[in-house]
Amino acid sequence: FSMSAPGNPHGGRRPLLLVSNDDGVFAPSLPALRAALEPVGEVAIVAPEHNWSAAGHTKTLHKPLRVNEVLLADGHTALAASGSPSDCVALAMLGIGERRPDLVISGINRGANVGYDLTYSGTVAAAMEAVIWGVTAIAISLAAYEPETYEVAARFAAYLSERLLREERPYP
């Protein structure tokens, strides 16, 4: 990585964007989200090995977490963890990658996360876990269970991510 011009808040490196979800590492939304985020920063994916919808802020406490590298449908690699969405984010914060993420993007969830759903949502829990660790995060959800495409939501996630990375905030 090259050194940056003065004022670059990321110390001369591209920001690291951690992507997770609750629909699992092979969810069809992940390739679209990764592609949209690549111009914004370096993208790392750590997601559950299977669907954890409605898991809330579940934490694995009494058994080991397993992490495996997997190949996604778009040919990129990701890390699949045996734990919940919040476990995946905690693993990233604890150093499973080379460095701590600058921003966490959770989603794109199939189905809206509004009202009481927020308390049950693994998508929202992954974002909340990042904030607990002091890292800004967003959760992206669709108001549909069978979307035709994820590109519009992915582009919005990239737009919002770029804005959040540019702004200085006194809190995550």
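Conventions and cut-offs
Residues numbered from 1 in each chain as written. Predicted model: local features only at pLDDT ≥ 70, side-chain atom pairs only at ≥ 80, totals over all residues. Heavy atoms only, no water. Axes fitted to C-alpha atoms, helices over the stretch in contact; angles between N-to-C directions. Helix = DSSP H or I, 4+ residues; strand = E, 2+ residues; numbered from the N terminus. Parallel < 35°, antiparallel > 145°, perpendicular 65-115°, else oblique. Left-handed = near helix turned anticlockwise from the far one by under 90°. Contact = heavy atoms within 4.5 Å. Buried < 20%, exposed > 50% of the residue type's maximum accessible area, 1.4 Å probe, protein only. Pairing = 2+ DSSP bridges. Right-handed = clockwise from strand over helix to strand, strands pointing away. Salt bridge = Lys/Arg side-chain N within 4 Å of Asp/Glu carboxyl O. Phe/Tyr/Trp six-rings, centres within 6.5 Å; stacked < 30°, edge-to-face > 60°.

Participant: Tell me what's going on with the packing of helix H1 (residues 29-37) against helix H5 (residues 151-166), and back it up with residues and numbers.
Facilitator: Interaxial distance between H1 and H5 falls to 8 Å at its minimum, and their mutual angle equals 40°. Here H1 is positioned oblique relative to H5, judged by the angle of their axes. Our pair here, H1 against H5, has a crossing hand that is right-handed. Contacts from Ala32, Leu33, Ala36 and Leu37 in H1 reach Glu151, Ala154, Arg155, Ala157, Ala158 and Ser161 in H5.

Participant: So what's going on with the environment of Arg110? Residues and values would help.
Facilitator: Structurally, the position occupied by Arg110 is in the loop between strand E5 (103-109) and helix H3 (117-120). Along the chain, Arg110 and Thr123 lie 13 residues apart, while their C-alpha atoms are 9.8 Å from each other. Filtering out sequence-adjacent residues up to four positions away, Arg110 remains in contact with Asp23, Leu142, Ala144, Tyr145, Pro147 and Tyr150.

Participant: Give a detailed account of the pairing of strand E1 (residues 16-20), specifying residues and quantitative values.
Facilitator: Taking burial as the measure, the five residues of E1 include five buried ones, the bulk of the element. Of the two faces of E1, the one holding Leu16, Leu18 and Ser20 and the one holding Leu17 and Val19 are both buried throughout. By the bridge criterion, four bridges tie E1 to strand E2 (residues 42-48) in an arrangement that is parallel. In the strand pairing of E2, Leu18 is matched with Ala44. Crossover handedness for the path E1 to H1 to E2: right-handed. Summarising the sheet, E1 and E5 pair through four bridges and their orientation is parallel. When the bridges of E5 are listed, Leu18 appears paired with Val104.

Participant: Tell me about the pattern of salt bridges, and please be specific about residues and values.
Facilitator: Per the stated rule, a full pass over the model turns up seven salt bridges. The salt bridge partner of Arg99 is Glu42, with a shortest N-O separation of 3.0 Å. In this pair, Arg99 sits in the loop between helix H2 (85-93) and E5 while Glu42 sits in strand E2, placing the two residues 57 residues apart along the sequence. For Arg99, a relative accessible area of 21% puts it in the partly exposed group.

Participant: Before we move on, can you summarise the packing of aromatic side chains with the specific residues and values?
Facilitator: All told, the structure shown has one aromatic pair when counted by the stated rule. Taking the centre distance of 6.4 Å and the plane angle of 40° together, the rings of Phe156 and Tyr159 count as tilted. Remark: Tyr159 and Phe156 occur in helix H5; sequence separation between them is three residues, near one turn of the helix. Classification of Phe156 by relative accessible area gives partly exposed; the value is 44%. By relative accessible area, which is 45% here, Tyr159 ends up partly exposed.

Participant: Before we move on, can you summarise unusual backbone geometry with the specific residues and values?
Facilitator: Glycine aside, residues mostly have negative phi, and peptide bonds are mostly found in the trans state. Following Gly107, the chain continues into Ile108 via a peptide bond in cis, with omega recorded as 5°. Secondary-structure assignment places Ile108 in strand E5. Residues other than glycine seldom take positive phi values, yet Ala54 does so here, at roughly 65°.

Participant: A description of the environment of Leu142 should follow, citing residues and the corresponding values.
Facilitator: Its place among the elements puts Leu142 in the loop between strand E6 (137-141) and H5. We classify Leu142 as buried; its relative accessible area is 17%. Once the C-alpha coordinates of Leu142 and Asn109 are considered, the two residues, 33 residues apart in sequence, prove to be 6.0 Å apart. Residue contacts for Leu142: discarding those within four places in its chain leaves Ile108, Asn109, Arg110, Gly111, Ala112, Pro147, Tyr150 and Ala153.

Participant: Which residues make up the pairing of E2, and what are the values?
Facilitator: Looking at chain direction, E2 and strand E4 (residues 77-81) are connected through three bridges and run parallel. Across the sheet, residue Val46 finds its bridge partner in E4, namely Leu79.

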